[in-house]
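Here is what each chain is made of, one letter per residue.
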Amino acid sequence: MLLIKLRAPDFNSQLTVQVVIDIVFISIMLYASGGVQSGLGVLLLVSLAAAGLISHGRLALFFASIATISLLLQETYSLLTVDFYSAQYSQAGLLSMAYFAVAWLAYQLAKHTLASEQLAKERGIDLVNMAQVNQLVIQDIQEGVLVLDKDGNIRQRNTYAEKLLNMNSSDGKNELLRLSDYVPEITDRLVSWQGDSNISFDLLRLAHSNALVRTRFLPIQADSRNGVVIFLEDMGHIQAQLQQLKLAALGRLTANIAHEIRNPLSAINHAAELLEEEQLDNNTNPQLVRIICENTQRLNKIVQDVLQLNRRNISKLEIIEIHEFIQKFLEEFCHTEKINTNTFIIVDGSKNHLISFDRDHLNQILWNLCQNAWRHCQKQIGSIRIELSTGANANNVCLNIIDDGRGVDMKQTKQIFEPFFTTATGGTGLGLYIARELCETNHASLDYVEDSPGGNFRIICKSSQPCL
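Along every chain, residues carry numbers that run from 1 in the direction the sequence is written. Reporting of local features is limited, given that this is a predicted model, to residues whose pLDDT is at least 70; pairs of side-chain atoms are given and counted only at 80 or more, and all residues count toward the totals for whole chains, interfaces and linings. For side-chain calculations, the full set of non-hydrogen atoms in the structure is used, while hydrogens and water are omitted.

Q: Outline the overall build of the chain, supporting the account with residue identities and numerical values.
A: We count a stretch as a helix when DSSP gives it H or I for four or more residues in a row; a strand needs E for two or more, and each element gets its number in order from the N terminus. Of regular secondary structure, the chain possesses 14 helices and 13 strands. Burial classes follow relative accessibility: with a 1.4 Å probe on protein chains only, a residue under 20% of its type's maximum area counts as buried, one over 50% as exposed, and anything between as partly exposed. Buried residues in the chain amount to 37% of all 468 residues. Whether two residues touch is decided by their heavy atoms; if any such pair falls within 4.5 Å, the residues are in contact. Considering only contacts in the chain between residues 6 or more positions apart, those separated by 24 or more positions represent 63%. Working definition of accessibility: Shrake-Rupley area with a 1.4 Å probe, residue cover restricted to the visible protein chains. Split by element, the accessible area of the chain, about 27,800 Å² in all, is 56% carbon and sulfur.

See below:
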């Protein structure tokens, strides 16, 4: 045992010495017990079989030869030294044949063992390679992946999931993270899905990163409660790709039709103005002239909005103190639209929110939202509130524009951001669509809050620390 622990001498030397000692010891026992007829020679079969398997068959026949020679020498020595001893060479020969048979069997078993070992080694290498490939695929896939155990702990996640959930790579390395503690909104969906696997979910806005995702759940085993794989599909990435295709097509379209539409509109509008000047001499109905002018202006506004869609991806981000910006904006807005400034109330606890946004884009977004709020509010003092606060994630700033009107009909909440959808007379239906597009260009989001007593549009944008 000491030599085995020290691993000295080498393996074959130790095995040879130990088997030879067994053979010598058992041969002495045979001599002391009366020879082969005592039956103790069978004990060598166990040693030879074990030695053949351990040595992978390389020394099996050598050990059988030594055992045979030792057995025959023991019989011969007993014949020469013991009186009235009758040597059993035939029995010794049969036992020697058994030694060689066991050695050969051990050799064959060792060959199969070696082949199985080699196959298992190759399979192990294949499994390791496959695991590495799977890990690379999971890490590189453009979709967040979370693996949960039966207790709801996050066992594995990929880099994209860490990005969507705003997690650090070091989070959860030393201890398990519970999904319910970190992302409760996904946990609620998981519980609903475990109750009904056929349930369909709407898109989810993650509070940690403000990303819009589609969630999918797959059970690891037949029972979903034994573990679940959660896929988080980044709809912002998909929408960006679709937007690029849409903008390319829209750019070609607007480039071809802009002048073709605006030139006739200008001619019609000019002719209508001339008719308006001559209406007294020609007895022209002033209402018809006004209809022509209003509709040409409306068509011109649609063309301008469509042209602006093609320029939405051009933004110049800058640090904006949002409270001061809104105050200046309201002064300009109320002066232009001839609205009492007391209609608006700014609610901001800290008055120190800095955001990264394009100034012109933000002005256009607020102008559109405030126009909508003024159109639907009761037009009284304090009818429109602009609330500023820190979002669920400390890196976000939340801007709510709330009016005291009736709000948006529940049946229309999913359509209000679609292009050319409008409920206002004379509207183009592009205002909210352009506002959301401009928000996404500036890495922000624009949504309608349904559980508000009035109309409530919420902008969530990234805050920016002041430069030192």
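Q: Please set out the pattern of salt bridges residue by residue, giving values where relevant.
A: The working definition used for a salt bridge is a side-chain nitrogen of Lys or Arg within 4 Å of a carboxyl oxygen of Asp or Glu. Scanning the model with the defined rule gives nine salt bridges in all. Residues glutamate 318 and arginine 359 are paired through a salt bridge, measuring 3.4 Å at the closest nitrogen-oxygen approach. Of this pair, glutamate 318 sits in strand S7 (residues 317-321) while arginine 359 sits in helix H13 (residues 359-376), placing them 41 residues apart in sequence. Look at glutamate 318 and you get partly exposed, because its relative accessible area is 32%. Looking at arginine 359, the relative accessible area reads 34%, which means it is partly exposed. Taking the shortest distance from any N to any O, the salt bridge between arginine 436 and aspartate 447 comes out at 3.0 Å. Here arginine 436 is found in helix H14 (residues 431-441), whereas its partner aspartate 447 is found in strand S12 (residues 445-448), with eleven residues between them in sequence.

Q: So what's going on with the side chain of aspartate 403? Residues and values would help.
A: One can find aspartate 403 in strand S11 (residues 396-403). None of His or the chain ends enter the tally, which takes Lys and Arg as positive and Asp and Glu as negative. Arginine 385 provides the closest opposite charge to the buried, salt-bridge-free aspartate 403, at an N-O distance of 8.9 Å. A polar contact of 2.8 Å, which involves the side chain of aspartate 403, links it to the backbone nitrogen of glycine 405. Contacts of aspartate 403, omitting those with residues within four sequence positions, involve Ala373, His376, Cys377, Ser383, Ile384, Gly454 and Gly455. A 3.5 Å cut-off defines polar contacts: any pair of N or O atoms within that distance qualifies, except that in protein one atom must be a possible hydrogen donor and the other a possible acceptor, and neighbouring residues in sequence count only when both atoms are side-chain atoms.

Q: Got a sec to walk through the pairing of strand S13 (residues 456-462)? Specific residues and values, please.
A: A regular strand places its side chains on the two faces of the sheet in alternate fashion. Burial analysis of S13 places five of its seven residues in the buried class, the great majority of the element. Strands are treated as partners if at least two bridges between them are detected by DSSP. Here four bridges tie S12 to S13, and the two strands are oriented antiparallel to one another. Pairing of aspartate 447 across the sheet is with arginine 458, part of S13.

Q: Tell me about the sheet that holds strand S10 (residues 384-390), and please be specific about residues and values.
A: The strand order across the open sheet formed by five strands is S8-S10-S11-S13-S12, and the pairing between neighbours is mixed. At either end of the open sheet lies a strand with only one pairing partner, and these are strand S8 (344-348) and S12. The mean inter-strand angle of the sheet, taken between neighbouring strand axes irrespective of direction, is 15 degrees. As judged from the five bridges shared by S8 and S10, these two strands associate in the parallel manner. Considered in S10, the bridge of isoleucine 345 is made with arginine 385. The strands touched by H14 are S12 and S13; relative to S12, the strand with the most contacts, the crossing angle is about 140 degrees. Note on definitions: angles span 0 to 180 degrees between N-to-C directions of axes, and those axes are lines fitted to C-alpha atoms, for helices only across the stretch in contact.

Q: Run through the nonpolar core, naming residues and quoting values.
A: In terms of nonpolar packing, the biggest core is built from 41 residues, with Phe344, Leu366 and Leu399 touching the most fellow members. Sorting the residues of this core by element identifies helix H12 (322-337), strand S9 (354-358), H13, S10, S11, H14, S12 and S13 as the ones contributing at least two each. The contacts of phenylalanine 344, once residues within four sequence positions are left out, are Leu330, Phe333, Cys334, Ile339, Cys370, Ile384 and Ile386. Residue types Ala, Val, Leu, Ile, Met, Phe, Trp, Tyr and Cys, when buried and joined through side-chain atoms within 4.5 Å, form a set referred to as a nonpolar core. Counting residues in each nonpolar core, the second largest holds 23 residues, with Tyr160, Leu177, Ile186 and Ala211 among its members.

Q: Tell me about the packing of aromatic side chains, and please be specific about residues and values.
A: Here a Phe, Tyr or Trp ring, Trp counted by its six-membered ring, pairs with any other such ring whose centre lies within 6.5 Å, and the pair is stacked when the planes are under 30 degrees apart, edge-to-face when over 60, and tilted otherwise. Here the structure, examined in full by the defined rule, presents ten aromatic pairs. Ring centres of phenylalanine 417 and phenylalanine 457 lie 6.2 Å apart, and the angle between their planes is 85 degrees; this geometry places the pair in the edge-to-face category. Pair noted here: phenylalanine 417 is in the loop between S11 and H14 and phenylalanine 457 is in strand S13, with a separation of 40 residues, a long-range link. One exposure class covers both phenylalanine 417 and phenylalanine 457, and it is buried.

Q: Can you lay out the environment of leucine 330 for me, pointing to particular residues and giving the numbers?
A: Of note, leucine 330 is situated in helix H12. The spatial distance from the C-alpha of leucine 330 to the C-alpha of threonine 341 is 7.3 Å, given a sequence separation of eleven residues. Aside from chain neighbours lying at most four places away, what touches leucine 330 is Phe344, Ile346 and Ile386.

Q: Could you give an account of the state of the cysteines, with specific residues and numbers?
A: Note on terminology: pairs of cysteine sulfur atoms within 2.5 Å are recorded as disulfides. Evaluated as defined, the whole model comprises zero disulfides. Unpaired in this structure, cysteine 370 has its nearest cysteine sulfur neighbour in cysteine 334, at a distance of 8.1 Å. Overall, the relative accessible area of 0% leaves cysteine 370 in the buried class. Considering cysteine sulfurs only, cysteine 461 is the nearest to cysteine 398, which forms no disulfide, with 8.6 Å between them.

Q: Report on the environment of leucine 354, specifying residues and quantitative values.
A: In this fold, leucine 354 is placed in strand S9. Overall, the relative accessible area of 16% leaves leucine 354 in the buried class.

Q: Outline helix H2 (residues 11-33), supporting the account with residue identities and numerical values.
A: Helix span, as expected, comes to 1.5 Å for every residue beyond the first. If you check H2, its first and last C-alpha atoms are 33 Å apart, about what 23 residues at 1.5 Å a residue would give, namely 33 Å. By the burial criterion, the buried members of H2 are Gln14, Leu15, Val19, Ile23, Ile26, Ser27 and Leu30. Where H2 is buried, its residues contact helix H1 (2-6), helix H3 (43-54) and helix H4 (60-81). Looking one or two places after H2, you find glycine 34, whose phi comes out positive at around 105 degrees.

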